[in-house]
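Next come the chains, spelled out residue by residue.
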Amino acid sequence: MIIMLLGAPGAGKGTQAVELAKILCMPHISTGVIFRANIKEGTELGKLAASIINKGMLVPDDVTFAIVKDRLSQEDCADGAILDGFPRTIPQARMLDEYLESQGKKLDVVINIVIDEQEIVKRLSERRVCPECKATYHLGHRPPANGINCDVCGAEVILRDDDKPEVVQKRLDEYHVSTEPLIEYYKEKGNLIESKGVNGIRDSLNNTIKALVMRNV
Ligand code: AMP
């Protein structure tokens, strides 16, 4: 089964995807995580991605699709995967549909995480990530135990470059123009469900699981 998490930046796609992957025992594919790992390693892809991500723009569709296709073709994805942050444009969605069809598969369900835009801006400014193990925190409702260091590996948690206020607005603009049309795209295909991304991870995840159960997933 292929599940995809859709939503504005800061909707909580990544946090929910990590938890869902554990519950459903499925691999989690996050294009954002893959790009950031490449940036850290200084690969050619990383150099390209850094120049785009730090401006709040989107990495080109063909580059992004090639990464996802490669990851989906690996053995651990034979029974499915949870896609987080991909597709983010209509061309990416079409490329994915074509690829899955060629493999005798389909995108089974798209979970649209709905959240208020004011809440997004607040959330992103308070989000912190561990640069080493990628754990995510929120200074308000899920801070690291000592407020500074990652609970998992001890590295100092940081504000992502693209969570800086000037970049957040650009990412939101990009979301409205390029990604929001996917809601209609998947509604028409009949595989979209909605989940309210409110009140912290526990409630948000509950909403998603209820929506999946009601859909018989
Ligand atoms: P995320 O961690 O999902 O918020 O992604 C961080 C950044 O990586 C985004 O703001 C984009 O610049 C880039 N990115 C992630 N996924 C995609 C995608 N599917 N298409 C294009 N760019 C992406």
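Above this text you will find the structure in question.
Note that the structure is a prediction, hence the values are computed from the model and not measured.

Participant: Talk me through helix H1 (residues 13-24); I want residue IDs and the actual numbers.
Facilitator: If you check H1, its first and last C-alpha atoms are 16 Å apart, about what 12 residues at 1.5 Å a residue would give, namely 16 Å. Burial in H1 covers these residues: Lys-13, Gln-16, Ala-17, Leu-20 and Ala-21. Looking straight down H1, one finds its buried side chains confined to an arc of 135°; they lie on one side. Just past H1, the residue Cys-25 takes up positive phi, approximately 55°.

Participant: Tell me what's going on with the sheet that holds strand E2 (residues 28-30), and back it up with residues and numbers.
Facilitator: Taken together, 5 strands build an open sheet; the order of strands is E2-E3-E1-E4-E7 and the sheet is parallel. Every other strand in the sheet has two partners, leaving E2 and strand E7 (192-196) as the edge strands with one partner each. Shown here is a sheet whose adjacent strand axes are inclined to one another by a mean of 25°, direction ignored. Direction of pairing for strand E4 (residues 107-114) relative to E7: parallel, over a ladder of 5 bridges. Of the residues in E7, the one forming a bridge with Val-110 is Leu-192.

Participant: How would you sum up empty space enclosed by the protein? Please name residues and give values.
Facilitator: Counting across every chain of the model gives 1 cavity of 30 Å³ or more. When its residues are assigned to classes, the lining of the largest cavity shows 4 nonpolar, 3 polar and 2 charged.

Participant: Describe the nonpolar core, listing the residues and the values that go with them.
Facilitator: In terms of nonpolar packing, the biggest core is built from 45 residues, with Leu-72, Ile-82, Leu-83, Leu-107, Ile-111 and Tyr-186 touching the most fellow members. Residues contacting Tyr-186, with those up to four places away along its chain left out, are Met-4, Pro-87, Ala-93, Leu-107, Val-110, Asn-191 and Leu-192.

Participant: Any chance you could break down the site of the ligand for me, citing the residues and the numbers?
Facilitator: The ligand sits among 16 residues. The nearest are Thr-31, Arg-36, Met-57, Gly-85 and Gln-92. If the ligand stood free it would expose 480 Å²; the protein chains cover 95% of that surface. Grouping the constituent residues of the shell around the ligand by class yields 6 nonpolar, 5 polar and 5 charged.

Participant: I'd love a proper account of the side chain of Asn-191, names of residues and values included.
Facilitator: Relative to the helices and strands, Asn-191 resides in the loop between helix H8 (181-189) and E7. Only 3.1 Å separates the side chain of Asn-191 from the backbone oxygen of Leu-107, close enough to count as a polar contact. Non-local contacts of Asn-191, meaning those with residues more than four positions away in its chain, are made with Leu-107, Asp-108, Val-109, Val-110, Tyr-186 and Arg-215.

About the thresholds
- Residues numbered from 1 in each chain as written.
- Predicted model: local features only at pLDDT ≥ 70, side-chain atom pairs only at ≥ 80, totals over all residues.
- Heavy atoms only, no water.
- Helix = DSSP H or I, 4+ residues; strand = E, 2+ residues; numbered from the N terminus.
- Expected span 1.5 Å × (residues − 1).
- Buried < 20%, exposed > 50% of the residue type's maximum accessible area, 1.4 Å probe, protein only.
- Arc of directions from axis to C-beta.
- Pairing = 2+ DSSP bridges.
- Axes fitted to C-alpha atoms, helices over the stretch in contact; angles between N-to-C directions.
- 1 Å grid on protein atoms, 1.4 Å probe; cavity = no way out; pocket = protein on both sides within 12 Å on 5 of 7 lines; lining within 4 Å.
- Points joined across faces, edges and corners; volume = space filled by probe spheres on them.
- Nonpolar A, V, L, I, M, F, W, Y, C, P; charged D, E, K, R; others polar.
- Core = buried A, V, L, I, M, F, W, Y, C linked by side-chain atoms within 4.5 Å.
- Contact = heavy atoms within 4.5 Å.
- Near = heavy atom within 4 Å.
- Areas by Shrake-Rupley, 256 points an atom, 1.4 Å probe, with all protein chains shown as cover.
- Polar contact = N/O pair within 3.5 Å; in protein donor to acceptor, adjacent residues only side chain to side chain.

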